[in-house]
Amino acid sequence: MDFNDTPEEAAFRLEVRGFLKANAALKGTAGPANFRGEIGAAELAAAKAWQATKAAAGYAGITLPKRWGGREAPAIMQVIYAQEEEKYSVPTGVFDIGLGMCLPSVIHYADPELSDRLVPSALRGEEIWCQLFSEPAGGSDLAALRTRAERAGDEWIINGQKIWTSGAHLSDWGLLVARTDPTVSKHAGLTVFIVDMKLPGIEIRPIHQMSGASHFNEVFFTNLKIPDAYRLGEVGKGWRVSLTTLMNERLTGGFIIRRPDISDLVDLCRLLTVGDRPAIKADGVRQRIAAWYVRSQGIKLTQFRTLTALSRGKEPGPENSIGKLVNASMAQEIADYGLDLMDAGGLAMDPELAPLNMLFQEAFLATPGSRIAGGTDEILRNIIAERVLEMPADIRVDKNIPFNQIPTG
Amino acid sequence: MNFEFSEESLMLRDQARNFLGDRCSPKVVRQVLEGNQPYAESLWREMAEMGWMAAAIPEEFGGAGLGYEALCVIAQELGRVLAPVPFSSSIYLASEAILAAGSNEQRHALIPSLADGSKIGTVALAEGIGETNADTIATVAHNSVLNGAKWPVQDGLIADFAIVVARDEQGIGLYLVHLKGDKVDSSSISTFGPSHGQSKFVFNKTEAERLGRVGDHWPILQSVIDRAAILTAFEQIGGVEVCLDMARDYAKGRTVFGRPLASFQAIKHKLADVFVELEIARSNAYYGAWALSQETSYLPRAAAAARVSATEAYRIASKENIQTHGGVGFTWEFDCHLYYRHAKTLALRLGGARFWMNRLMDHLEAPTSAEERMNGF
C-alpha cells in the first residue's frame, strides 16, 4: 500500500497542476457556481471552451488511444487528473454523460471507423452526447421500455418516447436503447443505436423540474430513420450494451449534483453562529460534520481503491454503486442541515440574503433528483445485495414471458 | 499510487485466517466470556511462536521489523475471531508507549519480552466514567511514587507490567509499574465485553519508574493512541466482515413465507447498507494504514477518521446481524451477541465516538491553508 505518487505519477501531477493553475480558477475564488444544472448559451460556450482547452493539452482522454487525442496512460493518471481538477471550479457537467457513459460503450462496441468519427470530436467538446434510456414505462424497470425499432432494409425506423433525458436539447448525439423484438422476453428484445439528434423525426420538450430548473427533457421519435451502421452490438443484445453504460454511469456518477459537500458545510459553519460562537465550534454541529467527513472521505478512497483494481486490468465491480448511493443522500442531508442552522432566515432564496450564493437552498430543491437519476437508492441497494452479497434476485413475474404478453397499466 | 495491501501482506492474511479459523472458534471466546479462563493462553503462545507480536517491532528490540502493514493485517484477522488475547494491550499500546517514551535501557529491558510474548504489558489511562484527558487525570506521581486509581484497565489482571498515565512535575508522565507481587491493589471488574478481562488498579504509595524521555509525555501518548486507533479500526473491520457474512448466510439459509429470507428487500437493503458502512470504514482504515507506515503529518487525522468510521460500521453491522437473525439472534447460544458486545467494547476502549469526532474536528479545522488543500485528500 502506498498513497504516495511514483516518480512518474509525481511528474504527471506536477504537469497537471501547472496546466490547471494556468487555465482555471481555484474553487472558492471563482464567481457564483451554477448549482441548478441549468445550462444557457453562456454556460455552454464556457463548457465547450474548457473541454477544448483540456483536449488540446491532452487531458480529455488520458487513458485513450493517441490517435483520438489520448495519452494511452494508465487509469491511475486519470485519477490524478481528477484529484487535481476537483480543486478547481471548471464547467464539466455537460460532458459527463457523453464522456463518462456513452463513449465507453461506443468504444467497446462500435467498429473502428465509427469510433474514429465520434470519439475525438466528443473529447474536444465539439459534440455533446445524451443517453436515451428511461421511458415513462421503463425507469427503474428499464427493460420494460416500449420505444420500437423496426428494420427496413439498411435502416431502422424508430417510434416512441424517452424521458428524463439530461441535456437532450444540447446534444449532437444520443445513445438509444429500443425494442427490436416484442415477441421475446423483455431483456432479449432490445438493441442499442447511436442517434444523430439533429435529424427530423425527433422532438425535444423540456421538463420543468421541482427545483425550477429544466435540464432534462422528453424526447419523442416519429418515424426516425437510423442507418444500420449506427447499431451498437448485435440485434437483441442491447441489454448487455446498456449494462456497460450503466456500470460506467455508476463509476463516474453521471449527472449527479454532489453539492453541498463537506467543505461547503465547513464554509457555512464558519460563517454562521450558534449561541455566541461560530457554528463550527458547537459540539452538536461538530458531530454531524465529523460523521459526514468520514463518509465522504471513505467514498473518495473507495473510488481510488477501485481504480487501483482498474489499473491492474480488473473490471470495475458493482461495489462502485456505493459512491452514488452515499453521495446523493449525503448532499441532501447536508443541504437540509445547512438550512436548519440558518433558522428562519434559511427560507430566503435570494442570492443577496442567503449565504454562499444560496447553495443550500438550491440544493434542498435539487438533491431529491440525485437520489433518483442514474439508479434510485433502492435499485442501487438491490444491485449491491444481488451482485456483491450474492443474495437472491427479486421475484420477477414478467421475466420469462414474451414482452407483448406482459400485463400493462 | 497503490491502494491495496502488498502480496506479502495478503499471504500473511491468508495464513492468519486459516490458523485462527482452526484455533480460535467461538468456543474459545466463550471460555473467557463465561469466566473459565482469563485469556486464551495456548493461543497466545502459538501466536508468539508465529512471530505475530514481533511483527512491527524493530529488529533491534527482538522484533521482525515487518512494518505496520503486517500488523494491520493481523489485527483484522484477530478482530474477525474476537481473539481473547492481550494483543492490543501488549503490542499496540504498551510496546508502542515504551518505544516512544522509554529510555534505550528501558526499551532493551522490556520490549524483547513483549515481542516474544513471554511478558504481557498494558497501558492504564482511564479513570472511571467520562472522558479522560490531560486536564482530568487525577493519578499523581511524586518522587517515583504513585497515588490514585485506574479503571478499566484491559488485561490488567494478566499483565506483568503496566504503563500508568499520571500527573507529575513535568506535566503528564508515563510510569512503569510491575504488577506481579502484591504492591498494586488490583481487582477484576465485570464487563459486557466477551473476550478481555478488565480490572481496577488502586495505587497507594506504589513504586514506579518514569519512562526515560524528559518532559511532558502527553503528546507522546496521543501519538500512541492514534496509532492504536488505526490498528483497532482493522480489528473492527474484521468484526464487521463477519457480522455481514453471518447475517447474509443466515438469511440465505432461512425460509420464511415460502421463500428465502434473503430474497426480501427489507433484508437485502439492510445488508446493502451494512456493506456500504464496511467499505467506507475499510477505505478510511487503509488510508490510516498508509499513514501509520509513512509517519505522515496526516496521521492524527487519518487515525481519527479510521476510528470514527470503523466504530460506526461495527455498531451498525453488529446490531443488524442480531436483527436479521430474529429471535435466535437474541439467544446466548448464537454468536451474534459476542460481536455486539465486542463492537461496543472496541468503541469505548480508546474513548467513545463523540470523543473521537471532536478529535477529528480539531485536526480538520487546523489545516486550511491553500497548500494543505492542494495536497490533502
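As the structure is a prediction and not an experimental result, all values here were calculated from the model. (Residues numbered from 1 in each chain as written. Chains lettered and ligands numbered in written order. Predicted model: local features only at pLDDT ≥ 70, side-chain atom pairs only at ≥ 80, totals over all residues. Heavy atoms only, no water.)

Peer 1: Hey, could you go over helix α2 (residues 26–33) of chain B for me, with residue numbers and the actual values?
Peer 2: The α-helix advances 3.6 residues per turn, and as a result positions three or four apart in sequence lie on the same side. Residues and elements named next belong to chain B. What α2 keeps buried is the set V29, R30, V32 and L33. Buried residues along α2 cover an arc of 155 degrees about the axis, so they all sit on one side. The inward-facing, buried residues of α2 abut α4 (68–81) and α10 (336–349). At the C-terminal side of α2, G35 shows a positive phi close to 80 degrees. (Buried < 20%, exposed > 50% of the residue type's maximum accessible area, 1.4 Å probe, protein only. Helix = DSSP H or I, 4+ residues; strand = E, 2+ residues; numbered from the N terminus. Arc of directions from axis to C-beta. Contact = heavy atoms within 4.5 Å.)

Peer 1: Could you give an account of the packing of helix α9 (residues 321–342) of chain A against helix α10 (residues 355–370) of chain A, naming the residues involved and the relevant values?
Peer 2: Residues and elements named next belong to chain A. Contact geometry of α9 with α10 gives a least axis separation of 9 Å together with a crossing angle of 135 degrees. Overall, the two elements α9 and α10 adopt an arrangement that is oblique. Crossing angle aside, the handedness with which α9 passes α10 is left-handed. The residues of α10 that touch α9, namely those facing K324, A328, A331, Q332, I334, A335, D336, G338, L339 and M342, are P355, F360, Q361, A363, F364, T367, P368 and S370. For the contact of α9 with α10, a count of residues per class yields eleven nonpolar, five polar and two charged. (Axes fitted to C-alpha atoms, helices over the stretch in contact; angles between N-to-C directions. Parallel < 35°, antiparallel > 145°, perpendicular 65-115°, else oblique. Left-handed = near helix turned anticlockwise from the far one by under 90°. Nonpolar A, V, L, I, M, F, W, Y, C, P; charged D, E, K, R; others polar.)

Peer 1: Account for the nonpolar core, with residues named and values stated.
Peer 2: Generally speaking, a soluble globular protein has its nonpolar side chains buried in company with each other. One finds M47, W52 and F87 of chain B to be the most contacted residues of the largest nonpolar core, which totals 191 residues. Setting aside residues up to four positions removed in sequence, M47 of chain B forms contacts with F19, W52, M53, L78, V85 and F87 of chain B. Judged by nonpolar contacts, the second largest core, of 29 residues, contains L64, V106, L232 and L246 of chain A. (Core = buried A, V, L, I, M, F, W, Y, C linked by side-chain atoms within 4.5 Å.)

Peer 1: A description of the interface of chain B and chain A should follow, citing residues and the corresponding values.
Peer 2: Between chain B and chain A, the residue contacts involve 51 residues of the former and 57 residues of the latter. Interface area for chain B against chain A, summed over the two sides, is near 5100 Å², with a carbon-plus-sulfur share of 61%. Counting across the interface, chain B meets chain A through seven salt bridges. Close ionic contact of K281 of chain A with E365 of chain B constitutes a salt bridge, the shortest N to O distance being 2.9 Å. For the pair chain B and chain A, the number of links is 18 residue pairs in polar contact (both at pLDDT 80 or more). Going through the elements one at a time, α7 (218–253), β10 (259–260), α8 (265–294), α9 (299–325), α11 (353–365) and α12 (370–375) of chain B are the ones with two or more residues in the side of chain B that touches chain A. (Buried area = accessible area lost by both parts, 1.4 Å probe. Salt bridge = Lys/Arg side-chain N within 4 Å of Asp/Glu carboxyl O. Polar contact = N/O pair within 3.5 Å; in protein donor to acceptor, adjacent residues only side chain to side chain.)

Peer 1: So what about the pattern of salt bridges? Which residues, and what values?
Peer 2: Residues and elements named next belong to chain B. Enumeration over the complete set of coordinates arrives at 46 salt bridges over all chains. Notably, a salt bridge pairs E131 with R354, separated by 2.8 Å at the nearest N-O pair. Of the two residues, E131 is situated in the loop between β1 (121–124) and β2 (140–142) and R354 in helix α11; the sequence distance between them amounts to 223 residues. Using a relative accessible area of 37% as the deciding quantity, one classes E131 as partly exposed.

Peer 1: Tell me about the environment of P182 of chain A, and name the residues and values.
Peer 2: Residue and element names in this part refer to chain A. Relative to the assigned elements, P182 resides in the loop between β6 (173–179) and β7 (190–196). Once the C-alpha coordinates of P182 and W129 are considered, the two residues, 53 residues apart in sequence, prove to be 27 Å apart. Setting aside its immediate chain neighbours within four residues, P182 contacts R148, P402, F403 and N404.

Peer 1: Describe the domain arrangement of chain A, naming the residues involved and giving the relevant values.
Peer 2: Splitting chain A by domain gives domain 1 (7–91), domain 2 (130–247) and domain 3 (256–388). Centre-to-centre, using C-alpha coordinates, domain 2 of chain A lies 31 Å away from domain 3 of chain A. (Domains from an automatic or database assignment.)

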